Amino acid sequence: MRTVTVVGASLSGLYAARELRAQGFDGRLVIVGDEPHRPYDRPPLSKDFLTGRVGEDHLALADDEETAGLGAEWLLGTRARGLDVRGRTLLLDDGRTVSTDGVVIATGASARSLPGDGLAGVHTLRSLDDARALRDELADGPRQVVVIGGGFIGAETASSCAALGHTVTVVEAASLPLVPHLGAQMAAVCAALHRRGGVDLVTGTGVAGLRGAAYVTGVALSDGSTLPAEIVVVGIGATPNTRWLAGSTLTLHDGVVCDEGCVTALPQVVAVGDVARVGGTRAEHWTSATEQPRVAVANLLAGRTVERARSLPYFWSDQYGACIQFAGRRRDGDTVRIAEGELTDGAPGDGGFLALYERDGRMTAVLSVDRPRPFMRARRALTRGESRVQPTAL
Ligand SMILES: Cc1cc2nc3c(=O)[nH]c(=O)nc-3n(C[C@H](O)[C@H](O)[C@H](O)COP(=O)(O)OP(=O)(O)OC[C@H]3O[C@@H](n4cnc5c(N)ncnc54)[C@H](O)[C@@H]3O)c2cc1C
């Protein structure tokens, strides 16, 4: 391969570029990114960046020296708008084309929006520009904030807004947030964190629409009531950025469909990170976006699948002063056992807790709130395929 093009200049794109060089690719490396920024880290956007505890200088994923050391051509502020059927020519929105021998698709996902979210005061939170706009508006004194969606980004945003002194309500259409990730029992425990942070959680109610003329004034709920709002954050999930690939020969189905080695139907095209459906699963986790590129690049350079991305799913979330960590593959019907710590009135106690998910006597997943060490041990045991963690090992 003489030229490899990475499309998407963020977390998984940067890791792919690093892997290309680390695995000996010394040809032309082109990195195309539609944002004007060099790669930056998104997790702080809903946490310490929003509360002002860290600034933009804290977000960079690579310093100038490393960026230069990659020896790449960076086409930033440039959107890819197509890939020819052979996967050999990339079309850019400014009319240019890039001829390439290999492609890494790393275009991530975009925040879903709601009809009417063109009103001033309505925000989504995916990019640095989104976070800047929300942070600026939150700086104007205490406001009534409604967060639509109680998933991780919604919960973290609500927590940050509450920490800044705003009055916050989270609206969740399901009867509990986070059930698909944590199961009902542990989702109820984590939902109690909202209470701890002084945030109202309204569940089982959809959103009928946003109210306001130029500025948002309220969120109309499907039960007929309206929540007054001066700022609304729409946190209803993300859609993989695959639209630019329409017309290519790649299979697109909630992401770019790949085998377990991140390889698409074309062996010289691989996909990584939030946009990639790898072996039937699409993750939106920082760790997947940083682990998949090693395998994807090995397969790209080999011209076929020689390695599989088999790492254990892992994510964390910081909200209301608590650190939630989860690893493993939980299924409905797994039992949950509190192995350490305890709950107080169904909420995490001050010292946090460690919960093990089990099925047929085997551990399938682990969740912790503020118990990082035993969590790491249980995660390692899961990675090694051990069915139990010895109580003394915790
Ligand atoms: C606010 C926030 C908080 C988060 N917190 C956590 C957390 O606490 N824990 C955790 O595990 N994960 C967290 N995540 C998830 C994690 O950040 C993502 O999994 C990770 O960013 C995925 O990286 P990526 O490079 O695959 O995609 P992205 O980070 O989405 O990057 C894709 C890039 O490609 C660009 N692009 C899209 N289309 C094109 C195109 N056609 N041409 C050129 N460029 C294009 C995009 O603009 C973007 O710059 C968080 C995400 C957000 C948004």
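Calculation notes
Residues numbered from 1 in each chain as written. Predicted model: local features only at pLDDT ≥ 70, side-chain atom pairs only at ≥ 80, totals over all residues. Heavy atoms only, no water. Core = buried A, V, L, I, M, F, W, Y, C linked by side-chain atoms within 4.5 Å. Buried < 20%, exposed > 50% of the residue type's maximum accessible area, 1.4 Å probe, protein only. Helix = DSSP H or I, 4+ residues; strand = E, 2+ residues; numbered from the N terminus. Contact = heavy atoms within 4.5 Å. Pairing = 2+ DSSP bridges. Axes fitted to C-alpha atoms, helices over the stretch in contact; angles between N-to-C directions. Expected span 1.5 Å × (residues − 1). Bend = angle between axes of the 7 residues up to and from the residue. Parallel < 35°, antiparallel > 145°, perpendicular 65-115°, else oblique. Left-handed = near helix turned anticlockwise from the far one by under 90°. Nonpolar A, V, L, I, M, F, W, Y, C, P; charged D, E, K, R; others polar. Near = heavy atom within 4 Å. Polar contact = N/O pair within 3.5 Å; in protein donor to acceptor, adjacent residues only side chain to side chain. Areas by Shrake-Rupley, 256 points an atom, 1.4 Å probe, with all protein chains shown as cover. Phe/Tyr/Trp six-rings, centres within 6.5 Å; stacked < 30°, edge-to-face > 60°. Lys NZ or Arg CZ within 6 Å of the ring centre and 35° of its normal. Arc of directions from axis to C-beta.

1. Structural notes on the nonpolar core
Grouped together as the largest cluster of nonpolar side chains are 48 residues, with contacts concentrated most on Leu-90 and Ile-105. Ranked by residue count, the leading element in this core is helix H1 (residues 11-22), at five residues. Setting aside anything within four residues of it in sequence, one finds Leu-90 in contact with Thr-5, Val-7, Val-32, Ala-80, Gly-82, Leu-83, Arg-96, Thr-97, Val-98 and Trp-244. Counting residues in hydrophobic clusters, the runner-up holds 40 residues, among them Leu-138, Val-170, Phe-315 and Phe-326.

2. Structural notes on the sheet that holds strand S9 (residues 122-123)
The five strands are arranged S9-S16-S10-S11-S12 in an open sheet whose pairing can be described as parallel. Unpaired on one side and paired on the other, S9 and strand S12 (200-203) mark the two borders of the sheet. Sheet topology places S9 next to strand S16 (residues 231-234); two bridges connect them, and they run parallel. Counted as the bridge partner of Val-122 is Val-232 from S16. Against the sheet, helix H4 (residues 128-138) makes contact with S9, strand S10 (144-148) and S16, and its axis sits at roughly 155° relative to S16, the strand it touches most.

3. What to know about helix H7 (residues 286-302)
Under the 1.5 Å per step criterion, the end-to-end length of H7 is 26 Å for 17 residues, consistent within 8% with the ideal 24 Å. Remark: the principal bend of H7, roughly 30°, maps to Gln-292, with a proline, Pro-293, within the next four residues. The buried fraction of H7 amounts to twelve of the 17 residues, a majority that puts the element mostly inside the structure. Of all the residues in H7, the buried ones are Thr-287, Ser-288, Ala-289, Thr-290, Gln-292, Pro-293, Val-295, Ala-296, Val-297, Ala-298, Asn-299 and Leu-300. Count one or two residues on from H7 and you reach Gly-303, which has phi positive near 80°.

4. Describing the packing of H1 against H7
Closest axis-to-axis distance for the H1/H7 pair is 8 Å, and the angle between their directions is 40°. When the interaxial angle is binned, H1 and H7 end up oblique. Of the two elements, H1 crosses H7, and the hand of that crossing is right-handed. Seen from H1, the contacting residues are Leu-11, Ser-12, Tyr-15, Ala-16, Glu-19 and Leu-20; seen from H7, they are Trp-286, Ala-289, Thr-290, Pro-293, Arg-294, Val-297, Leu-300 and Leu-301. Residues belonging to the contact of H1 with H7 are distributed by class as follows: ten nonpolar, two polar and two charged.

5. So, the environment of Ala-289
Tracing the chain through its elements places Ala-289 in helix H7. On the basis of relative accessibility, which here comes to 5%, the residue Ala-289 falls in the buried class. Distance in space between the C-alpha atoms of Ala-289 and Tyr-15 is 8.1 Å, their sequence separation being 274 residues. Excluding residues within four positions of it along the chain, Ala-289 makes contact with Leu-11, Ser-12, Tyr-15 and Gly-273.

6. With respect to the site of the ligand
The immediate surroundings of the ligand are formed by 34 residues, with Asp-34, Glu-35, Arg-42, Lys-47 and Arg-126 found nearest. Trp-316 has a polar backbone atom sitting 3.0 Å from a nitrogen atom of the ligand. Considered on its own, the ligand offers 1,000 Å² of accessible surface; in the complex 95% of this is hidden by protein. Among the secondary structure elements, those contributing two or more residues to the shell around the ligand are H1, strand S2 (28-33), helix H5 (152-163), H7 and strand S21 (314-319). For the shell around the ligand, a count of residues per class yields 14 nonpolar, eleven polar and nine charged.

7. Regarding the packing of aromatic side chains
Each pair of aromatic rings is reported with the distance of its centres and the angle of its planes. Counted according to the given criterion, the structure contains seven aromatic pairs. Note on Tyr-314 and Trp-316: the rings are 6.4 Å apart at their centroids and 25° apart in plane angle, and the pair reads as stacked. Among the aromatic side chains, those forming a connected cluster through ring pairs are Tyr-15, Trp-286, Tyr-314, Trp-316 and Phe-375. The lysine or arginine in question, Arg-18, covers the ring of Tyr-15, its NZ or CZ lying 4.8 Å from the ring centre. The ring of Phe-49 carries the charged tip of Arg-135 above its face, separated from the ring centre by 4.1 Å.

8. Regarding unusual backbone geometry
One non-glycine residue, Cys-262, lies in the positive phi region at around 70°. By the secondary structure assignment, Cys-262 is in the loop between strand S18 (256-258) and strand S19 (269-271). When its relative accessible area of 0% is taken as the criterion, Cys-262 is described as buried. For Asp-370, which is not a glycine, the phi torsion comes out positive at approximately 55°. Tracing the backbone through its elements, the reader meets Asp-370 in the loop between strand S25 (362-369) and helix H8 (372-383).

9. Notes on H8
Counted at 1.5 Å a residue, the expected span for H8 with its twelve residues is 16 Å, and the 16 Å between its end C-alpha atoms agrees. When H8 is considered as a whole, its buried residues turn out to be Pro-374, Phe-375, Ala-378, Arg-379, Ala-381 and Leu-382. One side of H8 carries all its buried residues, which in axial view fall inside an arc of 160°. Every exposed residue of H8 that faces more than 90 degrees away from the buried side is listed here: Arg-373 and Thr-383. Packed against the buried residues of H8 are H7, S21, strand S22 (322-328), strand S23 (335-344), strand S24 (347-359) and S25. Backbone geometry just downstream of H8 places Gly-385 in the positive-phi region, at approximately 80°.

10. Some remarks on the sheet that holds strand S6 (residues 97-99)
Strand order in this open sheet of three strands is S4-S5-S6, and the pairing throughout is antiparallel. The open sheet terminates on both sides in strands that have one partner only, identified here as strand S4 (80-83) and S6. Strand-to-strand twist across the sheet, computed as the mean angle between neighbouring axes with direction ignored, equals 25°. Judged from the three bridges that link them, strand S5 (residues 89-92) and S6 form a sheet pairing that is antiparallel. Paired with Leu-90 across the strands is Val-98, a residue of S6.

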